[in-house]
Amino acid sequence: MPLFSSRGNQSTAIDITDDTPAVVGWLHKEGGMNKSFKRRWFVLRGRSASYYEDEAKAAAGRSKGSFVCSGIGHVHASSKHAAVLEPSTQPLTFWVDATEGRRYVLFAETFEQKVKWLRAIGRALGRDYDAPYERLDERFK
């Protein structure tokens, strides 16, 4: 079940009237055919996410792909996706559903970066996701 979804009457998309990205940064994206992960520079504008080989290609507008977000969620340790991940990346991994039907599996390089992306996508999907967060490993010390 997604954390946020634009399906049904649960949320509405935010209308972004300027071209300012909500968030930019490095994420690791699972390939569509080759299931290895590649480090890509991502840019989120409204609900549209674009990814690039690096920052220079982003500045030049040379995208490797893009999609419109429709839902997000965490990759759980028992999932088939988690089975192929290094244990250190499992807590940093999340998925984004695209309107064309594909599920993108991504992981951030830090927990803070993951939270930043989840919050930005959540806001774009019309959800309030700005509540304070607490890392689970901190909560259960």
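All of the points below concern the structure found in this document. (Residues numbered from 1 in each chain as written. Predicted model: local features only at pLDDT ≥ 70, side-chain atom pairs only at ≥ 80, totals over all residues. Heavy atoms only, no water.)

## A closer look at the overall build of the chain
Piece 1. Looking only at helices and strands, one finds 4 helices and 7 strands in the chain.
Piece 2. Mapped from its N terminus to its C terminus, the chain presents α and β elements in the order β-β-β-β-α-β-α-β-β-α-α.
Piece 3. Each of the 141 residues in the chain was classed as buried or not, and the buried ones make up 40%.
Piece 4. Taking contacts inside the chain between residues at least 6 apart in sequence as the whole, the part at least 24 apart equals 49%.
Piece 5. Here the chain has roughly 8,300 Å² of accessible surface; of this, 50% comes from carbon and sulfur atoms. (Helix = DSSP H or I, 4+ residues; strand = E, 2+ residues; numbered from the N terminus. Buried < 20%, exposed > 50% of the residue type's maximum accessible area, 1.4 Å probe, protein only. Contact = heavy atoms within 4.5 Å. Areas by Shrake-Rupley, 256 points an atom, 1.4 Å probe, with all protein chains shown as cover.)

## Description of the pairing of strand 3 (residues 37-45)
Piece 1. Inspection of the sheet shows strand 2 (residues 23-30) paired to strand 3 by 8 bridges, in the antiparallel sense. Bridge pairing in strand 3 links Val24 to Val43.
Piece 2. Linking strand 2 back to strand 3 in an antiparallel pair, the connection comprises 6 residues.
Piece 3. Pairing geometry for strand 3 and strand 4 (residues 48-52), over 5 bridges, is antiparallel. Opposite Leu44, over in strand 4, you have Ala49 as the bridge partner. (Pairing = 2+ DSSP bridges.)

## Structural notes on helix 3 (residues 111-124)
Piece 1. Under the 1.5 Å per step criterion, the end-to-end length of helix 3 is 20 Å for 14 residues, consistent within 8% with the ideal 20 Å.
Piece 2. Within helix 3, 10 of the 14 residues are buried, which leaves the element mostly enclosed by the surrounding structure.
Piece 3. Those residues of helix 3 that sit buried are Phe111, Lys114, Val115, Trp117, Leu118, Arg119, Ala120, Ile121, Gly122 and Ala124.
Piece 4. Just past helix 3, the residue Gly126 takes up positive phi, approximately 90 degrees. (Expected span 1.5 Å × (residues − 1).)

## A few points about the pairing of strand 7 (residues 103-107)
Piece 1. Counting buried positions along strand 7 yields 4 of 5 residues, so the element is predominantly enclosed.
Piece 2. Judged from the 2 bridges that link them, strand 2 and strand 7 form a sheet pairing that is antiparallel. Bridge assignment links Lys29 to a residue of strand 7, and that residue is Leu106.
Piece 3. Alignment of strand 6 (residues 93-98) against strand 7, held across 5 bridges, turns out to be antiparallel. Bridged to Trp95 within strand 7 is Val105.
Piece 4. The antiparallel pairing of strand 6 with strand 7 creates a hairpin that spans 4 residues between the two strands, and Gly101 there sits at a positive phi of about 105 degrees.

## Details of the pattern of salt bridges
Piece 1. Scanning the entire structure with this criterion turns up 3 salt bridges.
Piece 2. Among the salt bridges present, the one from Glu53 reaches Lys57, with a minimum N-O distance of 4.0 Å.
Piece 3. Among the residues examined, Glu53 registers a relative accessible area of 39% and is labelled partly exposed.
Piece 4. Classification of Lys57 as partly exposed rests on a relative accessible area of 22%. (Salt bridge = Lys/Arg side-chain N within 4 Å of Asp/Glu carboxyl O.)

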